[in-house]
Structure formats: structure tokens, C-alpha cells
Amino acid sequence: MSEIPDIDPGDSEVGVDIAPPLDGIASAAAATGAALACLSCAATITGPFCASCGQKNDDLRRSSFVLFKDFVTDTFSFDSRMWRTLGLMAAAPGLVPTSYSHGKRSRYTPPVRLFLVVSFLFFLVLGVTHTMFVAVEVTEKSPQRIAADKANYEEALNEARPEARAAIEKAQEKSQAVVIDGEKVDCNIDVKARFFVRPQDLVFDEEKWRACSESIVATAEVEISVSKDRGENNQIDNRLKEEEVKRGFRRVVAGINQMVSNPTAFNSEINTWLPRVMFFMAPLLALILTIFIRGRDALYFDHLVLSLYSHATGFAIIGAAIVIAQLGVSNTFPAAMAALGIYFIAALKRAYNRGWVKTVYSTAFTALLYLMLLSLIVGAIISNQIWSAAD
């Protein structure tokens, strides 16, 4: 505490009352058994809080360093409540949010604090392990894979109805009519999105990707010119010139090239937005839960508490999967997603005391709607990054 006394307007003859340091008052009161006076209403108090106005008997005046230290300590310290909360959340999903929302708060870490702590540790793990949120893996198709794809296509074509088969063959002939340098465009590569992957674990055939990208751009530009000459895409012709269409397409492809060829830089921007998105998704999940779970014991407050604790659990499970993946264990991300789904079902079952059928039904539709909205938001962020990367 600062040794500078508080000076407030008072009723004394000189117009001010000078209060000695609170620490001194507390020490003197403790030594003499005297009671303290509330700093707000001057009522006599014997504990840290005033029984009259409810204010804590502390002027909160501290140096900036002490304030920052107290904030870090209060927010990120793992006290007994934190360990108790984490242990019960792991052993009995749904018990902590139910107990907290029904008034038993002193035993557990508040949901907002737990969310901040665990999410902070999660993104710290991402940075320390150099794990990327999303990246694109590009590999060349083997001759066996090409032959298998062709066989599957021909089998599906033979099994199709005559009308459908004729439409497919017509579309195929039309696509093959566009030829560049006497060769048909053919990108024999496998493209796969991977989540929470390290750069050293990513396979990227840069030569094949570049060749495919260039051929796609060239083919698209020829197709745009051919379509314009044929009088197709009247809406585009009325609003945009041919060069503007080509320029926009090249910009999108250039942004995708940046994303694929330099995923580390691309993910650094995503990691800036992802914590904000997930903090927004917590109340959104609570809002979704109000659609499928209603009742006197299922208020929005109950859903919000459950959502914050569930998000903290999700961060913890995926973070643990990332750490385990550093040991060379494969398929940790799918396993983490499965574990999180099972945990959420168990948490809803205990929190709202509903039957298994209703719980599974509510979980399925809640998760589906949640993932759709999250995918839209993340997709918008990625699209913006792709568009901006080509500037």
C-alpha cells in the first residue's frame, strides 16, 4: 500500500479530513482490538467488508507495478480453487457449471477467469510448438492413384442413367475444348487441408503446385475470353470488363499461393483473430443452447456458464493433443475432437438432467449449428487473408 494519506472533503473545521494509511489503521486496530471505520460510509466494521454499504475497506490505491502484479497473480495463478475446478471438470463433466450457476461459487474458479487462463495457455502452446491452425498439404498423385480415380470415374459413369451420362460427357467434351499450348490442363495433385500441424510435418510439392496453379490461371483466362466471345455471362459483361475479371481471378490465385506456399506467415495473421473469435463464440454457444434446451433450470445465464467452462475444456483437450503430437503420436486431432464431443454430451446430461435421447439430440444440433457458424467466421477470415495477401 502507498504511504501517501487519502485526502477527502469532510465536515471538519478546516474543510478536509486526512485519513492515515489503511495499513497503519489495520495494524493499530489489530493490536488494540478496535474496529475500523468504512472508508465510504464511515460505519464501524470488523472485517474486510462493510456490513452497511458492502464496500471492501480498501482504497485500491497502488502503484502501476503492483496493480499489474496483482492482475497477473489473480488471473493466472493456479490456486487450490483452480486445481479443484480442473479436477472436477475432468472427473465429472457438467458438475462445476451446474454448481457455480446455482450459487456454489466460492469453491470454483469463475468461468471467465478459467476461460482466459486456459485459452492463454492454449495459444502459448501453439506459439511454443510452432503449430499452425490450418495449412494445405500438396502431394503428387501416384500413377496407381490416377488409374484408380479414372476407374472409379468410369464405373460411376457406367452406372449413371443415360440422361445423366449424356450430360456428363457433354460437359467433359466442353471442358476439353479449351486447350493451352496444345495440351489439356491436368493437375495430378492431391490437396488436403490440415489443422493444428507443424511446418516440418507438412508435405508440399512446390513444383507441382506452381505448375498446376499457372495452368489453372491460363485456362481460366482463355475460358473468360471464349465465354465473352460467345456472348455468355452477360451479367459479368454488363458490370465488369474482361481485364477486371482476369485481374480479380489472378489476385485470388496469388493469395491462395501465398497461403499454401507460406503457411507460417499466413497463420500468424489468423492467430491474431482466433482468440477474439473464440471469445465471441462462448456467448454464441450459450445462445444456441437456448434454442434446444429450455426450462426453469436452463436460463441463458446457466448456458453461458456452461459454455465458458466447455470452451475452456476444449482448449485444454486440443492443447493436450498438440503436446502429445510433439511426441510423434498420429491422429491426435481427430481423437481430441471425439473426446470433446463425448465430454460435451456428458456435460449436458449432468448439467440439465435430461434423458440420453434428448441430450444426444440437443448436442448434435447444437454442435452442428455451432460448427457451421464457426466455419463461416473462420472462412471469412481466411478469405480476407487470401484477398489481402496479394496486395
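Everything discussed here concerns the structure shown above.
Residues numbered from 1 in each chain as written. Predicted model: local features only at pLDDT ≥ 70, side-chain atom pairs only at ≥ 80, totals over all residues. Heavy atoms only, no water.

1. What to know about the packing of aromatic side chains
Inference 1: The tally for this structure, following the rule as stated, stands at 13 aromatic pairs.
Inference 2: An aromatic cluster of at least three residues, connected via ring pairs, comprises Phe115, Phe122, Phe123, Phe133, Phe195, Phe196, Phe279, Phe315 and Phe333.
Inference 3: Over the aromatic face of Trp273 sits the side chain of Arg276, whose NZ or CZ is 4.7 Å from the ring centroid.
Inference 4: Sitting over the face of the ring of Trp356, Lys349 holds its NZ or CZ atom 5.3 Å from the ring centroid. (Phe/Tyr/Trp six-rings, centres within 6.5 Å; stacked < 30°, edge-to-face > 60°. Lys NZ or Arg CZ within 6 Å of the ring centre and 35° of its normal.)

2. Details of the state of the cysteines
Inference 1: What the rule picks out here adds up to 0 disulfides.
Inference 2: With no disulfide partner, Cys50 has as its closest neighbouring cysteine sulfur the one in Cys41, 3.6 Å distant.
Inference 3: By relative accessible area, which is 4% here, Cys50 ends up buried.
Inference 4: In this structure Cys53 is not part of a disulfide, and its nearest cysteine sulfur, from Cys38, lies 3.7 Å away.
Inference 5: By relative accessible area, Cys53 is classed as partly exposed at 39%. (Disulfide = S-S within 2.5 Å. Buried < 20%, exposed > 50% of the residue type's maximum accessible area, 1.4 Å probe, protein only.)

3. Let's talk about the pattern of salt bridges
Inference 1: Applying the stated criterion across every chain, the model contains 5 salt bridges.
Inference 2: A salt bridge links Lys208 to Glu140; the nearest nitrogen and oxygen atoms lie 3.5 Å apart. Here Lys208 is found in helix H8 (residues 206-230), whereas its partner Glu140 is found in strand E5 (residues 132-140), with 68 residues between them in sequence.
Inference 3: The shortest N-O distance in the salt bridge between Arg210 and Glu206 comes to 2.7 Å. A residue pair is termed a helical-turn pair when its members lie 3 or 4 positions apart in one helix, as Arg210 and Glu206 do in helix H8 at 4 residues.
Inference 4: Since its relative accessible area comes to 41%, Arg210 is described here as partly exposed.
Inference 5: Each of Glu137, Lys192 and Arg194 takes part in a single network of salt bridges with overlapping partners. (Salt bridge = Lys/Arg side-chain N within 4 Å of Asp/Glu carboxyl O. Helix = DSSP H or I, 4+ residues; strand = E, 2+ residues; numbered from the N terminus.)

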